[in-house]
Amino acid sequence: KGIYILGSADLMQEDSDKQVTLQLKDKFAKLEDNSGKLLTAYEIPAGSKAKQVVQDLLNIDFGDGYNLDNIPFMFPSSLEDFKIQADIKKEAGDTYGSILLDIATQMSCECYYNEHGNLVFSLLDETVNDQNKAVCWKYEKKNGDLINLSPNYNFDEAINMVKVIGDNIDNGIFSALVVNN
């Protein structure tokens, strides 16, 4: 599930055996690879409205009729008027992705693409709050004896997701997400 961009394609052809192998990248890679590189220095002054800065970044026209991302992004309503707290300065060769991640860090958010291709800013409080997660197993007294349970699991249809969030002494928030589906 998700939106991916083409990284590379390989063709193998021998007699009657023909194979095409596609290497795909997560959509966020577009913001961090060559197409997402800054050609000049870029600065966002403190006091700028974060939502407008994100909108402006995603609407940058590359001169070929395409912008960075024209799919609407998702932004927490509680941060509609959030202003950038400290200047964000990037040199040529850095990426638009790093700018978006710096904005997300200042808002205490995660920044990622969802399965529909929307760039999402999600509050860390909501991300790590277990109340927002589905209950995987619930024991009911009315079901009786729990010792003789014989559950059956279909691991062929299981989707595993591991998310790690941490910070360091410099108040930098880091996260990683791995999903197999």
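Before going into details, it helps to say that this report is about the structure given with it. Note that the structure is predicted; figures quoted are calculated from it, not measured.

1. Considerations on the environment of Leu-123
Moving on, step 1. Note on placement: Leu-123 falls in strand β6 (residues 119-123).
Moving on, step 2. When the C-alpha atoms of Leu-123 and Thr-105 are compared, they prove to be 9.9 Å apart, with 18 residues separating the residues in sequence.
Moving on, step 3. Leave out the neighbours within four places in its chain, and Leu-123 touches Pro-76, Ser-78, Leu-79, Met-107, Ser-108 and Cys-109.

2. Thoughts on the packing of aromatic side chains
Moving on, step 1. Per the counting criterion, the structure on display carries three aromatic pairs.
Moving on, step 2. Taken together, a centroid distance of 6.1 Å and an interplanar angle of 85 degrees make the contact between Phe-73 and Phe-75 edge-to-face.
Moving on, step 3. Note on Phe-75: relative accessible area 12%, which makes it buried.
Moving on, step 4. Aromatic rings pair up to connect Phe-73, Phe-75 and Phe-121 into one cluster.

3. Structural notes on helix α3 (residues 96-106)
Moving on, step 1. Taken residue by residue, α3 has Tyr-96, Gly-97, Ser-98, Ile-99, Leu-100, Ile-103 and Ala-104 as its buried positions.
Moving on, step 2. On its buried side, α3 packs onto α1 (29-32), β3 (42-44), α2 (50-58), β4 (88-90), β5 (109-113) and β6.
Moving on, step 3. Immediately downstream of α3, the backbone of Ser-108 shows phi near 60 degrees, a positive value.

What counts as what
- Residues numbered from 1 in each chain as written.
- Predicted model: local features only at pLDDT ≥ 70, side-chain atom pairs only at ≥ 80, totals over all residues.
- Heavy atoms only, no water.
- Helix = DSSP H or I, 4+ residues; strand = E, 2+ residues; numbered from the N terminus.
- Contact = heavy atoms within 4.5 Å.
- Phe/Tyr/Trp six-rings, centres within 6.5 Å; stacked < 30°, edge-to-face > 60°.
- Buried < 20%, exposed > 50% of the residue type's maximum accessible area, 1.4 Å probe, protein only.

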